[in-house]
Amino acid sequence: MEVKDANAALLSNFEVFQLLTDLKQQRKESGKNKQSSGQQNLNTIMYETLKYISKTPCRYQSPETVRNFLIAMKGHKLTKAEKLQLLNHRPVTAVEIQLMVEESEERLTEEQIESLLQTVTSILPGDPEEQQRDSAMATEDKSAQA
């Protein structure tokens, strides 16, 4: 097999997650039990990749969410790779943005970083349990201050 263009497209974690879950489902439906050693290696890679990716924010995303996110990102002057990092990792702090956006101190103002964070957190879904915990902690903090 020959690679024609190694940089033809970048895949998000969501796209990889979808591809691997669809592939896994197809294999279950086909019911092939006999596997070569190469096939077993592929199964191991698929299993480990799915295990890792299912712990990332992509498991809560949908094609519609990804599309809305990319449309919202057009207003920000970011590279494709930076948008992909934001999509895959769903940053919630300015420090995380600085780690994902190259030379963010020179390219982005604090207001732009806050706007970026607001866009990311409002469009991309996070872990529902984690968000529930965060909102409960915020409510406790408010009641403790009162």
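Structural data are supplied above this passage.
Residues numbered from 1 in each chain as written. Predicted model: local features only at pLDDT ≥ 70, side-chain atom pairs only at ≥ 80, totals over all residues. Heavy atoms only, no water.

Q: Could you give an account of the overall build of the protein, naming the residues involved and the relevant values?
A: Scanning the protein from terminus to terminus reveals eight helices and zero strands. When its helices and strands are written in sequence order, the protein yields α-α-α-α-α-α-α-α. Buried residues in the protein amount to 26% of all 146 residues. Partitioning the contacts of the protein with sequence separation of at least 6, the portion at a separation of at least 24 is 68%. Summed over all atoms, the accessible surface of the protein reaches about 10900 Å², with 51% contributed by carbon and sulfur. (Helix = DSSP H or I, 4+ residues; strand = E, 2+ residues; numbered from the N terminus. Buried < 20%, exposed > 50% of the residue type's maximum accessible area, 1.4 Å probe, protein only. Contact = heavy atoms within 4.5 Å. Areas by Shrake-Rupley, 256 points an atom, 1.4 Å probe, with all protein chains shown as cover.)

Q: An account of the nonpolar core is needed here, citing residue identities and associated values.
A: Judged by nonpolar contacts, the single largest core of 22 residues is most densely connected at F69, M73, L78, L86, I97, L108 and L116. Listing elements by their share of this core, those giving two or more residues are helix 1 (13–30), helix 2 (37–53), helix 3 (63–73), helix 4 (80–89), helix 5 (94–100) and helix 7 (110–123). The leading source of residues in this core is helix 7, at four residues. Residue contacts for L86: discarding those within four places in its chain leaves F69, M73, L78, P91, I97, M100, L116 and L124. (Core = buried A, V, L, I, M, F, W, Y, C linked by side-chain atoms within 4.5 Å.)

Q: Tell me what's going on with the packing of helix 3 against helix 4, and back it up with residues and numbers.
A: Relative to each other, helix 3 and helix 4 sit at 135°, their axes nearing to 11 Å. Judged by the angle between their axes, helix 3 and helix 4 are oblique. Judged by the twist between their axes, the crossing of helix 3 over helix 4 is right-handed. Seen from helix 3, the contacting residues are V66, F69 and M73; seen from helix 4, they are K83, L86 and L87. (Axes fitted to C-alpha atoms, helices over the stretch in contact; angles between N-to-C directions. Parallel < 35°, antiparallel > 145°, perpendicular 65-115°, else oblique. Left-handed = near helix turned anticlockwise from the far one by under 90°.)

Q: Go over the environment of L11 with me, naming the residues and quoting the values.
A: Among the structural elements, L11 can be located in the segment before helix 1. With 77 residues separating them along the chain, L11 and N88 place their C-alpha atoms 9.8 Å apart. In contact with L11, other than residues within four places in its own chain, are V16 and L84.

Q: Give a detailed account of the environment of R90, specifying residues and quantitative values.
A: Examined against the element boundaries, R90 turns out to sit in the loop between helix 4 and helix 5. On the basis of relative accessibility, which here comes to 12%, the residue R90 falls in the buried class. For the pair R90 and C58, spaced 32 residues apart in sequence, the C-alpha separation works out to 8.8 Å. Only 2.7 Å separates the side chain of R90 from the backbone oxygen of L124, close enough to count as a polar contact. (Polar contact = N/O pair within 3.5 Å; in protein donor to acceptor, adjacent residues only side chain to side chain.)

Function cannot be read off these values alone, since they describe shape.
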